[in-house]
Amino acid sequence: MGRVVVWLIAAILCVGLSLQPALSEPVHALAMQGEPALPADYDHFNYVNPDAPKGGSITYCVVGSFDNLNPFILRSLRTTARGMMDQAFGNLVFEPLMQRNYDEAFSLYGLLADTADMDPERKSIEFHLDPRAKWSDGEPVTPEDVLFTYDVFTEKGRPPYSLRMKAIAKLEKTGERSVRFTFNDKADREFPLIIALTPIIPKHAFNKDTFDRTTLKPVIGSGPYTVAQVVPGRRIVFKRNPDYWGKDVPSKRGFDNYDQITIEYFLNANAKQEAFKKGICAIDDDSDPVKRERDLDFPAFHRGEVIAETFDTGIPPVVNGFLFNTRLPKFSNPVVRRALGMLYDFEWANKNLFGGKYMRTMSFWQNSELSALGHPAGEKEKALLAPYPGRVPADVMDGTYRPSVTDGSGQDRKVLKTAFELLKSAGYTVQDGAMLDPERKPFRFEILTASQDEERLAAIYQRTLEKLGIDVGIRSLDGDQIQSRKQRFDFEVLVGSTGFNNSLSPGIEQTGRWGSAAAKAEGSFNLAGVADPAVDAAIEAMLRARSKEDYVAAVRVLDRLLISGNYMVPTQHNNQQWLAYWNYLEHPQKTPIYGYQLPTWWRKPK
């Protein structure tokens, strides 16, 4: 009888264990598609100088203001100090479990966690913390910190951090240095990598009850720098942590080469530009090729003290343009948005303002295999679109779509007539030179701008729109006012870079940019207010794709839907990155596919 009981207990335990996803062996890196490029014994990323000299200081300059040092809360979301956790300047204070290699489409390598084991179906992942990992106050990074991070982010954090527990069935400490995530049906195949990229915060240094309040008190992180000085709204200074735990971790070798990093804030782009000329700012990244040539006409550049350089990348260009708030009735009709999209005269602007140095932006993944341009829809794409007949025009389906092209004169009546006919089909009329909507009210809207360059672009658009009797106003605001408006979706049309920096591995961030759930979530990046089941289905298919063919098909469907929805009027781009910098700086010889990486630069020794 005793043997039977023992056998039954063993059988139950085996069944229980079999319900847990089988984990693989711990690995040093994870890849979204295929295998990581670097072996377990890699020494450093191939776009860094592992022997870069350490020392000196650098000052970065930005437009805007700040009143908060906690980047994980909704309050003051868009006025949080740069550098705390920053894609451009580096994660100076807070770090994730794993670090991205920017010379691969989407691969992660060990950081706070030196290894991870993920089951083949990606239903769970276990991270093993590096025993060297410490907070800036010397306390060790523990599994309890990981558990606390997700607890406080869920209750007090902002999207997307506050939403991640919805896809987690169980989060548990599995060892002295190990923590395991088990996912539910809401998780997709990218989600384990998103977990690996989520910053971790120290349990002992944050109060859960007050976490959602803004703070200007220096906070504790695990990163290579600590906050040394705060001048609210104007300046934040970071100093190297001499005891930084990760300086010899392969994924950090060649990074974080300055002893001090200062970020200065300016009210507008012109003030920032003047500060660069005076040597206050180390770099200038103006995107206007004509303006930057004009702005470089100053003595330091002619003496060779300032260098202008272009960098080749392998990623789709940043999508700039005019973005419509489709939550408003005036922009809810896609036919109206399509007509408005025809009225940006790129040919005139490129010839007269940009010296012919730009190309028209036509796709959200232009110049890559993920783009709909030049790629007729295959059977996989047609199957994804089958439940939504008529949503994508024929020219977008067969890959031949191109925006309307004018003769460059600024007076092309053919394009104006086509746009007018579209508006007429939507019930619009012209009376006494004014465009009237279907309710016989004047059709008018306002474009918000934050710089003279944006004002100039808006004025080009305004001039063409007014030829059809559309009353367009332009309002200039400073950077923090614009950010506040964005957070509340309090705008009609935005212009400029609207945050769509696409990659070769689009993933869960597309839900925040275009998903229906994000359309009403204050502070989300779905600025256009897109709430379309077809778009949601394309994103879902992309996130659940198991083969490269399925993945590419899903992204192309998303591209076709976004082009067809006319949620924004893409303007122009240049395929190269441009940067001007003072000659006391140096950078690695190799540029990764995602472009130059400022955290790998260094200051020349005196």
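Let us look at the overall build of the protein. Secondary structure summary: the protein contains 17 helices and 27 strands in total. At 26 Å, the protein has a C-alpha radius of gyration in line with the 25 Å of a compact globule built from 606 residues. Structurally, the protein occupies a C-alpha span of about 95 × 70 × 45 Å along its principal axes. Across the 606 residues that make up the protein, the buried fraction comes to 53%. Of the contacts formed within the protein by residues at least 6 apart in sequence, a portion of 72% connects residues at least 24 apart. About 26,200 Å² of surface is accessible on the protein, with carbon and sulfur atoms providing 52% of the total. The centroid of the 74 positive side-chain charges in the protein is displaced by 3 Å from the centroid of its 77 negative side-chain charges.

This part is about the side chain of R360. When you line up the elements, R360 lands in strand β17 (residues 359-360). Buried and without a salt bridge, R360 has E347 as its closest oppositely charged side chain, separated by 5.1 Å. In contact with R360, other than residues within four places in its own chain, are G341, Y344, F346, Q366, P403, S404, V569, P570, T571, Q572 and H573.

Soluble globular proteins tend to bury their nonpolar side chains together. Counting residues in hydrophobic clusters, the biggest one holds 51 residues, and the most contacted among them are Y60, M84, I201, I236, F238, L585 and W601. At five residues, the largest contribution of residues to this core is made by strand β25 (residues 576-582). If sequence neighbours within four positions are ignored, L585 has contacts with I58, Y258, A282, I283, W601, W602, R603 and K604. In terms of nonpolar packing, the next biggest core, distinct from the first, is built from 42 residues, V396, V530, V557 and Y567 among them.

On to the pairing of strand β8 (residues 168-175). Where β8 meets strand β9 (residues 178-183), six bridges bridge the pair, whose relative direction is antiparallel. Bridge pairing in β9 links L171 to F181.

This brings us to the state of the cysteines. Counted by the stated rule, this structure contains one disulfide. A disulfide bridge connects C61 with C281, and the sulfur atoms are separated by 2.0 Å. Disulfide C61-C281: torsion about the S-S bond near -95°, hence left-handed. With C61 in strand β2 (residues 57-63) and C281 in the loop between α4 (269-277) and β14 (283-284), this residue pair connects regions lying 220 residues apart in the sequence. Side by side, C61 and C281 carry an identical accessibility label, which is buried.

To continue, consider the confidence of the model for the protein. Averaged over all residues, the pLDDT of the protein equals 92, while 95% of them reach at least 70. Segment residues 1-20 is flagged for pLDDT under 50; beyond a separation of four residues in sequence, or across chains, it makes two contacts in the model.

Looking now at the sheet that holds strand β15 (residues 306-312). Taken in spatial order, the three strands line up as β14-β25-β15 in an open sheet, and their pairing is antiparallel. Whereas interior strands pair on both sides, the edge strands pair on one side only; in this sheet they are β14 and β15. Pairing between β14 and β25: two bridges, direction antiparallel. Bridge pairing links D284 to A580 in β25.

The linkage connecting P159 with the following residue, P160, adopts the cis geometry, with an omega of 5°. Relative to the elements of secondary structure, P160 occurs in the loop between α2 (143-156) and β8. The phi dihedral of D256 is positive, around 55°, even though this residue is not glycine. Not every positive phi belongs to a glycine, and N566 is a case in point at roughly 50°.

Okay, the packing of helix α7 (residues 334-341) against helix α11 (residues 413-425) next. Orientation of α7 relative to α11, taken along the N-to-C sense of each, is 165°, at an axis distance of 9 Å. Taken together, the axis directions place α7 and α11 in an arrangement best described as roughly antiparallel. The two elements α7 and α11 cross, and the hand of that crossing is left-handed. Along the contact surface, α7 presents V335, V336, R338 and A339, while α11 presents A419, L422, L423 and S425. Grouping the constituent residues of the contact of α7 with α11 by class yields six nonpolar, one polar and one charged.

This paragraph deals with the sheet that holds strand β13 (residues 260-266). Note on sheets: strands pair through backbone hydrogen bonds, and any given pair is parallel or antiparallel. An order of β2-β13-β12-β11 is seen for the four strands of this open sheet, with the pairing classed as mixed. At either end of the open sheet lies a strand with only one pairing partner, and these are β2 and β11 (225-231). Across the sheet, the mean angle separating the axes of adjacent strands is 20° when strand polarity is ignored. Relative to β13, β2 is paired through seven bridges, and the arrangement is parallel. Bridge pairing in β13 places V63 opposite F266. Lying on the sheet, α4 is in contact with β2 and β13; it crosses β2 at an angle near 160°.

Under the defined criterion, the tally for this structure stands at 30 salt bridges. The residue K590 makes a salt bridge to D103 at a minimum N-O spacing of 3.5 Å. Of this pair, K590 sits in the loop between β26 (585-586) and β27 (602-603) while D103 sits in the loop between β4 (98-100) and β5 (107-110), and the two are 487 residues apart along the sequence. Judged by relative accessible area, which is 36%, K590 ranks as partly exposed.

A few words on the packing of aromatic side chains. On inspection of all chains with the given rule, the structure shows 36 aromatic pairs. Centre to centre, the rings of Y60 and F89 are 4.2 Å apart; their planes meet at 5°, and the pair counts as stacked. Placement of the pair is Y60 in strand β2 and F89 in the loop between β2 and β3 (95-96), with a sequence separation of 29 residues. F89 shares its class with Y60; the two are buried. Ring geometry for F322 versus Y344: centroids 5.9 Å apart, planes at 55°, classification tilted. One end of the pair, F322, is in strand β16 (residues 319-324); the other, Y344, is in the loop between α7 and α8 (346-352), and 22 residues separate them in sequence.

Further remarks concern helix α13 (residues 479-488). An α-helical turn contains 3.6 residues, so any two residues separated by three or four positions project in the same direction. Taken residue by residue, α13 has G479, I482, R485, K486 and Q487 as its buried positions. The N-cap residue of α13 is D478: its side-chain oxygen and the backbone nitrogen of Q481 are 3.0 Å apart.

In this model α2 runs 20 Å from its N-terminal to its C-terminal C-alpha over 14 residues, within 8% of the 20 Å that 1.5 Å per residue would give. Where α2 is concerned, the buried positions are P143, D145, V146, F148, T149, Y150, V152 and F153. Looking at the buried side of α2, the elements it contacts are β7 (124-129), β8, β9, α3 (191-197) and β10 (199-200).

For the pair helix α16 (residues 533-544) and helix α17 (residues 548-565), the least separation of the axes is 8 Å and the interaxial angle reads 160°. With respect to α17, the axis of α16 lies roughly antiparallel. The chirality of how α16 crosses α17 is left-handed. Between α16 and α17, the residues in contact are A534, V535, A538, I539, A541 and M542 and Y551, A554, V555, V557, L558 and L561, respectively. Tallied by class, the residues present in the contact of α16 with α17 amount to 12 nonpolar, no polar and no charged.

Definitions and cut-offs
Residues numbered from 1 in each chain as written. Predicted model: local features only at pLDDT ≥ 70, side-chain atom pairs only at ≥ 80, totals over all residues. Heavy atoms only, no water. Helix = DSSP H or I, 4+ residues; strand = E, 2+ residues; numbered from the N terminus. Rg over C-alpha atoms; globule rule 2.2 N^0.38 Å. Buried < 20%, exposed > 50% of the residue type's maximum accessible area, 1.4 Å probe, protein only. Contact = heavy atoms within 4.5 Å. Areas by Shrake-Rupley, 256 points an atom, 1.4 Å probe, with all protein chains shown as cover. Lys, Arg positive; Asp, Glu negative; His and termini not counted. Charge placed at Lys NZ, Arg CZ, Asp CG, Glu CD. Salt bridge = Lys/Arg side-chain N within 4 Å of Asp/Glu carboxyl O. Core = buried A, V, L, I, M, F, W, Y, C linked by side-chain atoms within 4.5 Å. Pairing = 2+ DSSP bridges. Disulfide = S-S within 2.5 Å. pLDDT = per-residue confidence, 0-100. Axes fitted to C-alpha atoms, helices over the stretch in contact; angles between N-to-C directions. Parallel < 35°, antiparallel > 145°, perpendicular 65-115°, else oblique. Left-handed = near helix turned anticlockwise from the far one by under 90°. Nonpolar A, V, L, I, M, F, W, Y, C, P; charged D, E, K, R; others polar. Phe/Tyr/Trp six-rings, centres within 6.5 Å; stacked < 30°, edge-to-face > 60°. Polar contact = N/O pair within 3.5 Å; in protein donor to acceptor, adjacent residues only side chain to side chain. Expected span 1.5 Å × (residues − 1).

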